[in-house]
Each structure stands twice: as structure tokens, then as C-alpha cells.
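Okay, here's what each chain looks like letter by letter:
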Amino acid sequence: MRLQKYLATAGVASRRKCEEYIVAGKVKINNMIVAELGVKVNSNDIVQFENKIIQIEEKKLYYMLHKPKGYITSVKDENGRKTVIDLLQNKNERVYPVGRLDYNTSGILLLTNDGDFAYQLTHPKHTITKTYLVKVDGTVSSSEIQSLKNGVKIDDYVTKPAKVEKISEDDDTTTLQIIISEGKNRQIRKMCNKVGHNVLDLKRIAIGNVSLNGLKRGKIRELTKDEIAHFKIL
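Below you will find a few notes about this structure. Fair warning: this is a prediction, and the values are worked out from it, not measured in the lab.

1. Points about the sheet that holds strand β3 (residues 47-49)
In sheet architecture, strand pairing relies on hydrogen bonds along the backbone and comes in two forms, parallel and antiparallel. The strand order β2-β1-β3-β4 describes an open sheet built from four strands, whose pairing is antiparallel. A strand with exactly one partner marks an edge of an open sheet, and here the two such strands are β2 (32-33) and β4 (52-54). Of the strand pairs in this sheet, strand β1 (residues 27-29) and β3 are connected by three bridges, and their pairing is antiparallel. Bridging from a neighbouring strand, V27 pairs with F49 of β3.

Right, dumping it as C-alpha cells:
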């Protein structure tokens, strides 16, 4: 098994993040630093991450968290900010977040120690929709909604077509439901800014066909067998 996959399967982080750790010299095999990708691990090797021995856990864990605002989507934060791991009921379980939600964004977030599961959900070749409730300032016009649907240019790329529906509006704000099939950095916020509206509140309410479904903010639960199967066949 390749080293980055071993680390991800053991619950250190996503496979991509584990590759970064390897290149940064944070991983050892048999007490020797390994800083190159592609190295393979066998059952006799002792693997360490930041000088701690890492072993693959037999039981796979799959959780859904209703992330509140004010938490970093990371296993730990060098600046001492609260992370989503702080919300785990069992602090001894080694899981990591699948994908990201911004510090000021709330909503559904998956956590697991299954590296293959995380890889499937985060790799660009897999198309998995994400549904957001977005509250913006001002009134969003029909032409602006159509622009969001068609795709807008942000940074150096044009967003893929999105599903956009106006949920409600008043004199000062509009609430939209936006469904996208990609996950660029701060994409929803940038899309709305592009058509002239600042995001006041952002919440992810579903990934694929799996939604929060009443899970309270800050709470966590195990994914059901049907939910796990749904993600694995996407």
C-alpha cells in the first residue's frame, strides 16, 4: 500500500493532505524520514506521523456533523482556534473532515477514517452536488439568478452551471438555494459577490441526497448504512 493511502486509511488526514505531510518531512518509516511520494508500506513497517506511531484501524467510522460557525475544518489549528474535532463525542477516535466548510459557514460536514471514502468524495473526477442556503444583501434580480445558473467568472475560472432558486426576500435581503457540483475555495461567496451581492449567512444543507435532516447545530451522528452506500456509489 502506498504511504499516503496508508496514512489516510489510518485516519491521519485526506490522501491529498497526507501527501503534503510526506513532502514536508513529517512522516517516518522505520524511524527514517520519507519525503518522497510513491513509497510503499508493508505489514512489517513502523509508520510514524510527527513521531507518533500510526496504525490502520479495522473499524471504519463515518459521521455527519452540523458544523456551527466559528470552527476550523481541520484536525488541528496552529493558531489555537477551535476545530471541528473539538465537537467529537469520543475524543479518542481518529477521524478527519471530508472537504471543507469556511470558518463562517455552517452546515453538513462529513468525517471519517476511511481514506478511500474521503478520496471518492473530494476528487474532482467525482461529481457530487452540494446544496446551500444563502442569505445575501439586497434584491436578487432574475437576470442575476440566470447568471449564477449559467456560470460566472471568478478568479481564473468560470463556474459550472448551477441550480438556483429564490426562497424568500424582503426589502433588504434575499435567500437563495444554490446547488453546485464543484467545490472551489469560497465558491458560493465569490459567485454571489460577482453578481453584486454580499453573503450575510451561508449554510450547507445537503451533500448529494444526504441532508442534515433535523440534526441540531454542533451535534454529530453516525451515517446510516444507506447514506454510506449512497456516497460509495456516486
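That shown, we press on.
2. Overview of the pairing of strand β7 (residues 106-112)
Of all the seven residues making up β7, seven are buried; the element is thus mostly covered by neighbouring parts of the structure. Bridging between strand β5 (residues 62-67) and β7 involves six bridges; their strand directions are antiparallel. Considered in β7, the bridge of H66 is made with I108. Bridge count for strand β6 (residues 96-98) against β7 is three bridges, and the pairing is antiparallel. Residue V98 lies in a different strand from β7, and its bridge partner there is L110. Inspection of the sheet shows β7 paired to strand β13 (residues 199-207) by two bridges, in the parallel sense. Pairing of S106 across the sheet is with K203, part of β13.

3. Side note on the pattern of salt bridges
Tallied over the entire structure, the rule returns twelve salt bridges. Among the ionic pairs, K5 bridges to D116, the shortest N-O distance being 3.8 Å. Of this pair, K5 sits in helix α1 (residues 3-9) while D116 sits in helix α3 (residues 115-122), and the two are 111 residues apart along the sequence. As a salt-bridge pair, D201 and K69 come within 2.7 Å of each other at their nearest N and O atoms. Separated by 132 residues along the polypeptide, D201 in strand β13 and K69 in the loop between β5 and β6 bring together distant segments of the chain. Residue D201 is classed as partly exposed on the basis of its relative accessible area, which comes to 29%. Using a relative accessible area of 39% as the deciding quantity, one classes K69 as partly exposed.

4. Some words on the nonpolar core
With 34 residues, the main nonpolar core has L3 and L7 as its most contacted residues. Counting residues in hydrophobic clusters, the runner-up holds 33 residues, among them L101, V134, V136 and V195.

5. Considering the packing of aromatic side chains
This model, assessed by the stated rule, comprises three aromatic pairs. Taking 4.7 Å as the distance between ring centres and 40° as the angle between the ring planes, the aromatic pair formed by Y21 and F49 counts as tilted. In this pair, Y21 sits in helix α2 (residues 15-23) while F49 sits in strand β3, placing the two residues 28 residues apart along the sequence. On the accessibility criterion, Y21 (16% relative accessible area) is buried. Above the face of the Y119 ring, R15 is positioned so that its terminal group lies 4.1 Å from the ring centre. Here K184 stacks its cationic end above the ring of Y157, 4.9 Å away from the centre of that ring.

6. So, the pairing of strand β12 (residues 173-180)
Summarising burial for β12: six of the eight residues are buried, a large majority. Strand direction decides the pairing type here: strand β8 (residues 130-137) and β12, joined by eight bridges, are antiparallel. Its bridge partner being in β12, K135 is matched across the sheet by T175. With six bridges joining them, strand β11 (residues 163-169) and β12 adopt antiparallel strand pairing. By the bridge assignment for β12, E169 is matched with T174. Connecting β11 to the next strand, β12, in antiparallel fashion are three residues.

Parameters at a glance
- Residue numbering note: each chain is counted from 1, following its sequence as written.
- A pLDDT threshold of at least 70 governs which residues receive local features in this predicted model, and a stricter bar of 80 or more applies before side-chain atom pairs are shown or counted, although totals over entire chains, interfaces and linings include all residues.
- Side-chain calculation: all heavy atoms of the structure are included, whereas hydrogens and water are not.
- DSSP bridges decide pairing: two strands pair if at least two such bridges lie between them.
- In DSSP terms, a helix is any run of H or I states spanning at least four residues, a strand is any run of E spanning at least two, and both are numbered starting from the N terminus.
- Type-normalised accessible area, obtained with a 1.4 Å probe on protein chains alone, sets the label of each residue: buried when under 20%, exposed when over 50%, and partly exposed for intermediate values.
- Salt bridge, as used here, is a side-chain nitrogen of Lys or Arg placed within 4 Å of a carboxyl oxygen of Asp or Glu.
- In this text, buried Ala, Val, Leu, Ile, Met, Phe, Trp, Tyr and Cys residues form a nonpolar core when linked through side-chain atoms within 4.5 Å.
- Within 6.5 Å between ring centres, the rings of Phe, Tyr and Trp (the latter by its six-membered ring) count as paired, and their orientation is classed by plane angle as stacked under 30 degrees, edge-to-face over 60, tilted in between.
- Placement of a charge over a ring requires the Lys NZ or Arg CZ to be within 6 Å of the ring centre, with the centre-to-atom vector within 35 degrees of the ring normal.

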